Amino acid sequence: MKKTIIIIRQELINTFKRPSYLIVAIGIPFLAVLILGGIKLVQARLGEDGGTPVSPQEEWQMEIEGYVDQAGLIRTIPSDLPEGHLLAYESEIQAKEALSSGEISAYYLIPPDYVKKGEIFYVFPETRALIKDGQKWVMKWTLLVNMQGGDLEEANRIWNPVWHLEERDVSTSGAQGNTLSGEDCSRPGSACESNDLIRYIPSIMAALFFISFMNSSTMLFNSIGVEKEDRTLEVLMLSISPRQMLAGKTIGLAIAGLTQTIFWLGAVYVIFNLGGSTLNLPENFTLPIDTISWNLVFFLGGFGVYASLMAGTGALVPKMKEAGAANIVAQTPLFLGYIVGIMAPVTETADADAPFFLSFFPFTSPIVMVMRLTDSFVPLWQLFLSAGFLVITSFLVIQATAAMFQAQNLLSGQPFSVKRYFQILLPRIRFSKGKT
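Residues numbered from 1 in each chain as written. Predicted model: local features only at pLDDT ≥ 70, side-chain atom pairs only at ≥ 80, totals over all residues. Heavy atoms only, no water.

> Just checking my understanding: could you explain the nonpolar core for this structure?
Across soluble globular proteins, nonpolar side chains show a tendency to be buried alongside one another. Met 205, Phe 209, Phe 298, Leu 334, Ile 367 and Leu 383 are the most contacted members of the largest nonpolar core, which totals 57 residues. With 12 residues, the single largest contributor to this core is helix H10 (residues 201–229). In contact with Leu 383, other than residues within four places in its own chain, are Trp 294, Phe 298, Met 369, Leu 373 and Val 378. By size, the runner-up hydrophobic cluster in this structure holds 18 residues, among which are Ile 74, Tyr 114, Met 139 and Leu 144. (Core = buried A, V, L, I, M, F, W, Y, C linked by side-chain atoms within 4.5 Å. Buried < 20%, exposed > 50% of the residue type's maximum accessible area, 1.4 Å probe, protein only. Helix = DSSP H or I, 4+ residues; strand = E, 2+ residues; numbered from the N terminus. Contact = heavy atoms within 4.5 Å.)

Shown next as structure tokens:
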């Protein structure tokens, strides 16, 4: 046990000294939170100095236009339009002269029979042909306000008759709470249709976990491969057993990987829960803490599976140049889970049969179940069942990989073979199942 602890400590020291690890694990999430904090600080200072927020009309530089009201409908210019940007002319001749002199960029002609036909004319120079839609909404809004007797609130209610549409699922599945129905932007998932960032957080989480698994398992593979190639293993094997080395390296890099994941999840939690208006998030949006907790559980189980598989390939690869085929063998299920994890929320199929099955399959559940958990409500029994399968599989794979950590495999120098890899791995898994 003492020798295993020494290896754990050495792996942690080597990992935490690596600049690439510090940048990815700590630097990037810290920088993301720092940028968000800086933006919120600037917004707060601007709010203190500038008072009320800038309106869309002030934010966008409106062009000055004119109008000729032959129907006698316009008695007032809406107060929410910038003053002096919609000028009245008694005749079309005056409006044309103003257009020619550049006083206005275009003008509207409202004929006497507008109320009957609903037609108006929008006159602009040829140089404005490419943007002929211009500011038509200005006259539409002005006419609407005047037809409502100058009542902005009533005109706005007609302009936007529906501010919020809430859907309620009265089916059996909806009543049981198995799905999030309607426009629910209080938590991540596809139930929020009006905010793309909230909608695609499950895909973001799947991508983060994929990157974390890749980094952590590759670190273990490289640690073993490099030491094997430069013959450091031959020296280590004189004082420690292969199992002690596997245990020390796996636990050490598991701590490093968990540290990286905690920093990333912490940054995600802070950004999405405190981002607020900076990220255009609703006031009631929260990233549930239980989601973060279950994510850590699936990270530990997934790391146990893939770190062990990568350690096994590292034990059988004599040179790092041959690592390509070995990595493909160990990481193919991880790629499958990654593809499903990022695509299912985008295509709104997170609760389809394929993601449902893959969320229980131990080699894909660390990513797919995290995606489902972030996207919608997952019953507690499914979480425990999936986590149980993952933990058992992790234990069996670790036991099987330990069989590869024997002196004849670590020091043999034989080229990597997929057939040989599975010949050593699978019988050991069957034997472990028989023992249990």
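Okay, back to it.
> I keep staring at the pattern of salt bridges and nothing clicks. Help me out?
Oppositely charged side chains are able to pair whenever their charged atoms sit close together. This structure, assessed with the given rule, holds three salt bridges. The shortest N-O distance in the salt bridge between Lys 117 and Asp 113 comes to 3.4 Å. By relative accessible area, Lys 117 is classed as exposed at 54%. One salt bridge in this structure joins Arg 157 and Glu 153, with 3.4 Å as the shortest N-O distance. With Arg 157 and Glu 153 both in helix H7 (residues 152–159) and four residues apart, the pair spans about one turn of that helix. Among the residues examined, Arg 157 registers a relative accessible area of 43% and is labelled partly exposed. Its relative accessible area of 57% is what places Glu 153 among the exposed residues. In the salt-bridge network here, residues are joined through shared partners; they are Glu 153, Glu 154 and Arg 157. (Salt bridge = Lys/Arg side-chain N within 4 Å of Asp/Glu carboxyl O.)

> Please explain the sheet that holds strand S3 (residues 107–110) as it appears in this structure.
Hydrogen bonds between backbone atoms are what pair the strands of a sheet, whose relative direction is either parallel or antiparallel. Pairing is mixed in the open sheet, where four strands are placed in the order S2-S1-S3-S4. Either end of the sheet is taken by a strand with one partner, and the two such strands are strand S2 (86–89) and strand S4 (121–123). If you compare each strand with its neighbour and ignore which way they point, the axes differ by 25° on average. Two strands pair when backbone bridges link them, and S3 and S4 are joined in this way by three bridges, in the antiparallel orientation. Residue pairing across strands places Leu 109 opposite Phe 121, the latter belonging to S4. Across the face of the sheet, helix H4 (residues 92–101) comes into contact with strand S1 (65–69), S2, S3 and S4 while running at roughly 170° to S3. The strands that helix H6 (residues 136–147) touches are S1, S2, S3 and S4; relative to S3, the one it contacts most, it runs at about 40°. (Pairing = 2+ DSSP bridges. Axes fitted to C-alpha atoms, helices over the stretch in contact; angles between N-to-C directions.)

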